[in-house]
Amino acid sequence: MSSLSLKPTSEFTIPFLADLMTRGFEGYFVPVQITEAILLTMLRRDGVDLTASRVLLKDNEAVGVALVARRGWTSRLAAMGIVSTARNGGTGTWAMEQLIQEARSRGEKEMVLEVIEQNTAGVKLYEKVGFTKIRRLVGYKIENPQTESAHDLEEIDIRDLARQVTYHGMKDLPWQLSGTTIMQHTPPSRAFRLNDAYCLISNPEVTDVSISSVLVKARSRGAGLSGVLMRALFARFPNKVWHVSPIFPEEMSVIFEQVGMTRETLSQWQMALKL
Ligand SMILES: CC(C)(COP(=O)(O)OP(=O)(O)OC[C@H]1O[C@@H](n2cnc3c(N)ncnc32)[C@H](O)[C@@H]1OP(=O)(O)O)[C@@H](O)C(=O)NCCC(=O)NCCS
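Calculation criteria
Residues numbered from 1 in each chain as written. Predicted model: local features only at pLDDT ≥ 70, side-chain atom pairs only at ≥ 80, totals over all residues. Near = placed C-beta within 6 Å. Helix = DSSP H or I, 4+ residues; strand = E, 2+ residues; numbered from the N terminus. Nonpolar A, V, L, I, M, F, W, Y, C, P; charged D, E, K, R; others polar. Buried ≥ 20, exposed ≤ 12 C-beta atoms within 10 Å, placed from the backbone. Arc of directions from axis to C-beta. Contact = placed C-beta atoms within 7 Å. Domains from an automatic or database assignment. Axes fitted to C-alpha atoms, helices over the stretch in contact; angles between N-to-C directions. Parallel < 35°, antiparallel > 145°, perpendicular 65-115°, else oblique. Core = buried A, V, L, I, M, F, W, Y, C linked by C-beta atoms within 7 Å.

**Observations concerning the site of the ligand**
Argument step 1. Taken together, 21 residues lie around the ligand, and Ile82, Arg87, Gly92, Thr93 and Ala121 are the ones closest in.
Argument step 2. Those elements giving two or more residues to the shell around the ligand turn out to be β4 (74-82), α3 (91-105) and α4 (120-128).
Argument step 3. Here the shell around the ligand takes 6 residues from α4, the largest share from any one element.
Argument step 4. Of the residues assigned to the shell around the ligand, the class counts are 7 nonpolar, 11 polar and 3 charged.

Following this line, the structure appears as structure tokens:
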């Protein structure tokens, strides 16, 4: 019988953790190559607590990693990857059961996560340990949209956008769309405003640009203002491939469809467990 144990990730180096994560996500739905820089950005942006995150050991050999982010009474399983040779033998289930117990003993009230809908093992595992689906999260894409717009976008501080999202956004937004995460974005990402509509984009100087936040203040909703904003964005930065990663609530799909974007095949489930 092999023995399983957990150790705080804070006992390991960043290069070691980055390599273990890359191996844990081998054969994933999208290629995953975690460099030290990517890992450090993820830790800072998402609020991952390296003292609560765990390296998973099997007979004293590191076979997986679970990153746990924390905010107030809530924690988020930010990533869990197990090396391919240690998968499908109950390791993931055992690790999740321990992580849930640890969250309870820290006095937390809820644990959240997102999992790719097409990831059968992941969805099955999280449902088995008690997580339930909150909503589907979807992504979009459009290449080189041809748009003309007479509207001028005002560039604003990302912190101002983050305040608006915290105040006007949905209470149970996925972690990565929350005002708290938006607040951690920095240049070369940029935020823009058009009347009561706001957005955050990744560096628009390169070909592939990601839209990381879209918000319309409650009083101006239902008038197509987000479409006006996005068309102005497409006109200001022509010849780009625009991406919306699958972290947006399906309820928001109309705002991307109205500007001609196409839905990505990969979608996610936003899930939660009351502790
Ligand atoms: C997802 C992952 C963490 C699960 O860990 P694991 O050790 O393989 O999980 P378990 O062995 O405890 O299996 C959990 C359930 O999924 C099922 N399962 C495992 N692999 C499967 C597969 N390839 N296809 C279908 N079901 C699968 C198991 O049968 C089990 O269900 P059961 O208890 O009803 O039999 C692991 O497979 C992994 O690291 N995958 C790559 C990275 C990833 O997808 N991470 C999660 C993203 S959030």
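**Here we look at helix α5 (residues 158-168)**
Argument step 1. What α5 keeps buried is the set Ile158, Leu161, Ala162, Gln164 and Val165. The buried residues of α5 occupy one face: seen down the axis, they fall within an arc of 160°. Exposed residues pointing more than 90 degrees away from the buried face of α5 are listed as Asp160 and Tyr167.
Argument step 2. Among the structural elements, β7 (154-156), α6 (179-182), β8 (190-194), β9 (197-201) and β10 (208-216) are those in contact with the buried residues of α5.

**Overview of the domain arrangement of the chain**
Put simply, an interface is often sized by how much accessible area is lost when its parts join up.
Argument step 1. Under the domain assignment used here, the chain contains domain 1 (4-108) and domain 2 (139-266).
Argument step 2. With centres defined by C-alpha atoms, the gap from domain 1 to domain 2 works out at 30 Å.
Argument step 3. Taken together, the 7 residues of domain 1 in the interface contact 6 residues of domain 2.
Argument step 4. Mapped by element, the contributors of at least two residues to the side of domain 1 that touches domain 2 are α2 (36-46) and β3 (61-71).
Argument step 5. Partitioned by chemical class, the residues of the side of domain 1 that touches domain 2 number 2 nonpolar, no polar and 5 charged.

**Some words on the packing of helix α1 (residues 14-24) against α2**
For any two helices packed against each other, one specifies the crossing angle of their axes together with the interaxial distance.
Argument step 1. Two elements in contact, α1 and α2, have axes separated by 9 Å at closest approach and are oriented at 95°. It follows that α1 is roughly perpendicular to α2 by the angle criterion. For the pair α1 and α2, contact is made by Ile14, Pro15, Leu17, Ala18 and Met21 and by Glu36, Leu39 and Leu40, respectively.

**Observations concerning the nonpolar core**
Argument step 1. With 36 residues, the main nonpolar core has Met21, Val65, Ala66, Leu67, Val68 and Leu77 as its most contacted residues.
Argument step 2. Sorting the residues of this core by element identifies α1, β2 (54-58), β3, β4, α3, β5 (110-116) and β13 (268-274) as the ones contributing at least two each.
Argument step 3. Contacts of methionine 21, omitting those with residues within four sequence positions, involve Ile34, Leu39, Val65, Ala79 and Gly81.
Argument step 4. Among the nonpolar cores identified, the runner-up in size contains 32 residues, and Tyr198, Cys199, Phe248 and Val259 belong to it.

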